[in-house]
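Results of the structural survey
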Amino acid sequence: MYQSQTVIGQTVASKDPALDQCVWPEQGLDAIPDWVYTSQAVYDREMERIFQGDTWNYVALECEIPNAGDYKRSYVGAIPVVVARAEDGTISVFENRCAHRGAEFCRSSQGNAKEFVCPYHQWSYTLKGDLQGVPFKRGVNKEGGMPRDFRNEDHGLRKLNVTALNGVIFASYSDKVEPIEEYLTPEILEDFKVVFPGKKLKLLGYYRNELPCNWKMYHENLKDPYHATLLHSFLVVFGLLVAGNKSMMFADNKHGRHGIMGSAKKDEIYASVSEETKKEMRSFSDELRLRDERFLDFVKEFNSPWSVTMTTIWPNLVVQREMNTLGVRQIIPNGPNSMIMQWTMFGYEDDTEEMLRHRLRQGNLMGPSGFLGLEDNEAMRFVQEGVRRSSTDVNIIKLDTGTVGTSNTLISEAAIRAMYQYYRGVMEL
């Protein structure tokens, strides 16, 4: 079992008085204080220690920038970055901030360019983020201009370390973060390679939405199989994730920061649920039926026991495999009380036309208005409103108490406890 990195109830003194007020409750891992979701000081430390710390952050899929000159705007935490493919085929990630006066020079979400030019003073940069041109660098008529010791190579864009694994691009501010395969851990890497086996990906489209909740709630939501059997009518009625089905909630053994929620759908379209279980699930209805039953056809295309997996890769990536619809979700923090979700849907280049249509059809499960995503978005908004406005100051997570990490039951919050055990160590809270 994963061992705690902190002493329960202990708070490490900080230079920020606001953080000094953040004392973890005596209940330890069975409680989450409201300030975790609402404190600006805590959020600022998260940006520094997590997103700019020893982590790999998802930034793009290689199929989004297949050609030389292709680029995409992305984020590492809340920091805007550009992901670009240079003439030699290499991929660079650098901050979307001009080295001169700080303007976000890249204004398009995606495109193809030979260089990047800041619109303010026209400083220009290569596809690798190097400064290549400064207008009036030597002034006019021998007056003004940059000092003689000004060197372009000293004023490029801030570059991040970059790695790619089977078509997925990650970036890091850290020089100490381990190789991506080690970062993922063996079990998460095995699941990752189910969806990303090395085949060329085919981009299908995007969703994007704002959620009025703290960014960590999305990680919690996908480490919380308890809610999935209660909140989502579609999941339980149509048997995608039902108490009693073969299911799992896995937390990586090394840190507890990554996780996999998995479920195996039975062959029948409509779930077979005992009367006793139905009484516990108010969202279950015997009356719901599909007009088009092709929607839940499951074509077994992977060597995996699961028909559904939701894999959370700390700190900003969700890999979704819901039957045959595939996608990644990028978590973009937007202050303590807001986050942006960028959804990227894909298939494989060797998909048949029939499979392509099938993936697009099942894609209606996902996205901000999907049959599943809509309920999560509302529930997390309600939680954020509650912790931000109420006088109570703690959340209770005692389901399956005593277990930290992987659980053998869906009625558990053990994976959430594992995440916060790791989080407290990194944050020194």
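See the structure shown above.
This write-up is about the structure you can find in this document. Everything numeric here is computed off the predicted structure, so don't read it as measured data.

In this section: the side chain of Gln330. Within the secondary structure, Gln330 is located in strand β17 (residues 325-333). One polar contact links the side chain of Gln330 to the main-chain carbonyl oxygen of Tyr58, over a distance of 3.4 Å. Each residue touching Gln330, except ones within four places of it in the same chain, is listed here: Tyr58, Val59, Ser74, Tyr75, Asn316, Ile340, Met341 and Gln342.

With that settled, consider the nonpolar core. One finds Leu184, Phe196, Tyr218, Tyr420 and Tyr423 to be the most contacted residues of the largest nonpolar core, which totals 73 residues. Those residues in contact with Leu184 that sit more than four places away from it in its chain are Leu165, Leu189, Phe192, His258 and Ile313. Counting 18 residues, the second largest nonpolar core, distinct from the first, contains Tyr71, Phe105, Cys106 and Phe150.

As a further point, take the sheet that holds β17. The sheet built from seven strands is open, its strands ordered β12-β18-β17-β16-β15-β14-β13 with antiparallel pairing. In the strand order of this sheet, the two ends are held by β12 (201-211) and β13 (247-251), each with one partner. Each adjacent strand pair in this sheet contributes to an overall mean axis angle of 15°, direction not counted. Across eight bridges, β17 lies against strand β18 (residues 339-348) in antiparallel orientation. Bridging across to β18, Pro333 finds its partner in Met339. Across the sheet, helix α10 (residues 353-362) lies against β12, β16 (317-322), β17 and β18, angled at about 5° from β12, the strand it touches most.

Tallied over the full model, the rule gives 16 aromatic pairs. Here the aromatic rings of Trp24 and Trp35 are separated by 5.7 Å at their centres, their planes lie at 85°, and the arrangement is edge-to-face. Note that Trp24 is positioned in the loop between α1 (17-20) and β1 (31-33) and Trp35 in helix α2 (residues 35-38), a separation of eleven residues in sequence. You can call Trp35 buried: its relative accessible area is 15%. Ring pairs connect the aromatic residues Tyr71, Phe94, Phe105, Phe116 and Tyr125, which therefore count as one cluster. Taking the ring centre of Tyr348 as reference, the NZ or CZ of Lys199 above it sits at 4.1 Å. Its end group placed over the ring of Trp306, Lys246 keeps NZ or CZ at 5.4 Å from the ring centre.

Conventions adopted
Residues numbered from 1 in each chain as written. Predicted model: local features only at pLDDT ≥ 70, side-chain atom pairs only at ≥ 80, totals over all residues. Heavy atoms only, no water. Helix = DSSP H or I, 4+ residues; strand = E, 2+ residues; numbered from the N terminus. Polar contact = N/O pair within 3.5 Å; in protein donor to acceptor, adjacent residues only side chain to side chain. Contact = heavy atoms within 4.5 Å. Core = buried A, V, L, I, M, F, W, Y, C linked by side-chain atoms within 4.5 Å. Buried < 20%, exposed > 50% of the residue type's maximum accessible area, 1.4 Å probe, protein only. Pairing = 2+ DSSP bridges. Axes fitted to C-alpha atoms, helices over the stretch in contact; angles between N-to-C directions. Phe/Tyr/Trp six-rings, centres within 6.5 Å; stacked < 30°, edge-to-face > 60°. Lys NZ or Arg CZ within 6 Å of the ring centre and 35° of its normal.

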